[in-house]
Amino acid sequence: MSAPRVRFAPSPTGELHIGGARTALFNYLFARGTGGVFVLRIDDTDLERSRDQYIDKLVASMKWLGLDWDEGPYSQSQRLEIYREEAEILISGKLAYHCFCTTEELESGREAAKKEGRTFLYPGTCRNLSPEKREKLLAEGQKPVVRLLTPDNGQTVVSDMVRGEVSFENSGLDDFIIMKSNGLPTYNFASIIDDLKMEITHVIRAEEHLSNTPRQQLCAMALGYKLPIFAHVPMILAPDRSKLSKRHGATSVEEFKDGGYLPEALINYIVLLGWSPGGEEEEIMSMDELAAKFSLDKVTKTAAIYDVTKLTWMNGNYIRDYPIDQLISEALPFYENIELVTRPLEDNEQAYLEKVVETVRERAKTLAELAQVSTYFYRDDYDYDQKGAAKHFQKEGVADLLRQAAGSLLKLSLFNAEAAEEKFNNLCEELDISKGRLIAPTRLALTGRMDGPGLFAIMEVLGREKTAARLFRAAEFIETEF
RNA sequence: GGCCCCUUCGUCUAAUCGGUUAGGACACCAGCCUUUCAAGCUGGCAACAGGGGUUCGAAUCCCCUAGGGGUCACCA
């Protein structure tokens, strides 16, 4: 058997959202896992709605996610001749025909049907137009559409890897349009023609296309092609079970990127929507592991509701384990955003950022949060947490205690976390107070907060001078403003 | 409305061809660890949409009902 060929064929009418990304991912994994070829195709036959800017964004999002394709991107708008040729073959074989019915005529037919409570199906008005009549209308300059001649009875059975055999009554299918009057193919026609011409072996796409598949299959059969294997994967729904849209918050890949999510985390999260490695298998998986494990027979039939909570947990996981250099380069824009750093970074700034990131990474779930919790490493203008101050700055002799701590830290010849901690331990022993008594107000003085990384790790990053200065400043604050 | 698909904890899901105390993950709660917060570890809460069949035995097979989704355009 020759290598599988799959494709991802979005239309450039909006940003890549997680549903599309998941479909692309499944195709990608299937190709990588089977030694197949992954084709990217832009289904842009709708000139009205297609925008080049979306193609750029789509390509950028795919690359960011790590979904590299082997062929393409092909654009349907550059393949128009192919669809016209195929349509001609159908027409000359009497398997398709020109239809001159106007939009108005069809519309009134639809309304009449609606009144009677039935569905409108194109009645085949132009099926048996005489050649003379047809030539006459053409000579008058009328622009016809091309309709596929479909069987009136029997059924069309779609064989689907996810759903099994799905059968459709042909009586419910009318002679649908394959070429519009402007000479452009309709989606159903262009899509299947391309799948056929590009020798796509497996059409893996969202379930919303299942109902259209019999139409596409009919086109393929009329032209005598061998059908690809279909696999309609479940859709991804918003938390309220409706189709994903803007009002559901972030749904596009770009928005997740801007929100501080890592591509590996997004990939890992969406792959679990509609597929699972099964049983009690580990859920954190790299792209390579996914490619090795992925298979279409483990794809679920049920639509999944997307919920950002688990994605966020997973992102935190990746932030913790990411290679530091990569984490920094991904995080840098977020540090810039809240004006903690300015690019390009000097070597010492880079080194400092690395230390900062190492000490805070364990408690951030997004890159935005990572930058946020790094603030006090870059700025002195923070306020003291009110509750914390009330609790720890109010105790008797705190100001002196902080000064004393600062003084002894300044005496250290080697200033690092270990040495600072030892110093604090000694000081507490000398003064006969509990460690917490000293540590709590010190933390507040150094960061303004009551949570955060280990205190001595913070000191080491801040350095001796800054640590001492902040302790003195807090002592001053307690005596004067508090 | 016609047609098509789907229905297991709040969410994502597992349960080889019918036999499980219906498993895991996130979230939540509790405990442990700890200088705080996280992380980590341990434990807990929590589901087979409903109703009929078939069967010794059904989450699993069949039918009906309900609910959700998709699709029926000269959109993709």
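Just so we're clear, the structure is a prediction, and the values are computed from it rather than from any experiment. Numbers given to residues run from 1 along each chain, matching the order in which its sequence is written. The order in which chains are written sets their letters, starting at A; the order in which ligands are written sets their numbers, starting at 1. Residues qualify for local features only when their pLDDT is at least 70, as the model is predicted, and side-chain atom pairs are given and counted only at 80 or more; totals for whole chains, interfaces and linings, by contrast, use all residues. Computation of side-chain values: all heavy atoms of the structure, hydrogens and water removed.

**Student:** Is there a simple way to think about the packing of aromatic side chains in this case?
**Tutor:** Aromatic ring pairs are defined here through the distance separating the ring centres and the angle between the ring planes. Geometry of aromatic contacts follows a simple scheme: Phe, Tyr and Trp rings, the Trp one being its six-membered ring, pair when their centres are within 6.5 Å, and the pair is stacked under 30 degrees between planes, edge-to-face over 60, tilted otherwise. Evaluation of the coordinates by the stated rule reveals 13 aromatic pairs. Residues Tyr335 and Tyr378 carry aromatic rings whose centres are separated by 6.4 Å and whose planes lie at 65° to one another, so their mutual orientation is edge-to-face. Residue Tyr335 is located in helix H12 (residues 324-337), and its partner Tyr378 is located in the loop between helix H14 (367-372) and helix H15 (386-392); the two are separated by 43 residues in the primary sequence. For the exposure calls, accessible area comes from a 1.4 Å probe over protein chains only, and a residue counts as buried if that area is under 20% of its type's maximum, exposed if over 50%, partly exposed in between. A relative accessible area of 22% places Tyr378 in the partly exposed class. For the purposes of this entry, the term helix denotes a DSSP run of H or I that reaches at least four residues, the term strand denotes a run of E that reaches at least two, and both are numbered from the N terminus.

**Student:** Help me out: how do you make sense of unusual backbone geometry in this one?
**Tutor:** For residues other than glycine, phi is negative in most cases, and the peptide bonds are mostly trans. Cis geometry marks the peptide bond from Gly72 to Pro73, where omega comes out at 5°. Structurally, Pro73 is set in strand S3 (residues 71-75). A cis amide bond, omega 0°, links Arg343 with the succeeding residue Pro344. Notably, Lys94 is not glycine yet its phi reads approximately 60°, a positive angle. Tracing the backbone shows Lys94 in the loop between helix H3 (80-92) and strand S4 (96-99). Of note in the backbone geometry, Glu199 takes a positive phi value of approximately 55° without being a glycine. Structurally, the position occupied by Glu199 is in the loop between helix H6 (187-197) and strand S9 (202-206).

**Student:** I keep staring at the protein's contact with RNA strand B and nothing clicks. Help me out?
**Tutor:** Note on terminology: near, applied to a residue and a molecule or strand, indicates that one of the residue's heavy atoms is within 4 Å of it. Inspection of the region around RNA strand B gives 59 residues, with Asp46, Arg163, Gly274, Glu280 and Glu362 positioned closest. Near-protein atoms of RNA strand B (within 4 Å) split between backbone and bases, with sugar and phosphate holding 72%. Polar contact is the term for a pair of N or O atoms within 3.5 Å; when the atoms are in protein, one must be able to donate a hydrogen and the other to accept it, and sequence-neighboring residues count only if both atoms are side-chain atoms. For RNA strand B, a phosphate oxygen lies 2.5 Å from a polar atom in the backbone of Gly274. In this structure, Glu280 approaches RNA strand B through a side-chain N or O atom, which is 2.2 Å from a sugar or linking oxygen. The set of elements that each furnish at least two residues to the surface near RNA strand B consists of helix H4 (103-115), strand S7 (164-169), strand S12 (304-305), helix H11 (308-321), helix H18 (435-447) and helix H19 (455-462). In terms of residues, the surface near RNA strand B owes the most to one element, H11, which gives four residues. Residue classes in the surface near RNA strand B are distributed as 18 nonpolar, 19 polar and 22 charged. Following the grouping adopted for this structure description, the nonpolar residues are Ala, Val, Leu, Ile, Met, Phe, Trp, Tyr, Cys and Pro, the charged ones are Asp, Glu, Lys and Arg, and the polar ones are all others, Gly among them.

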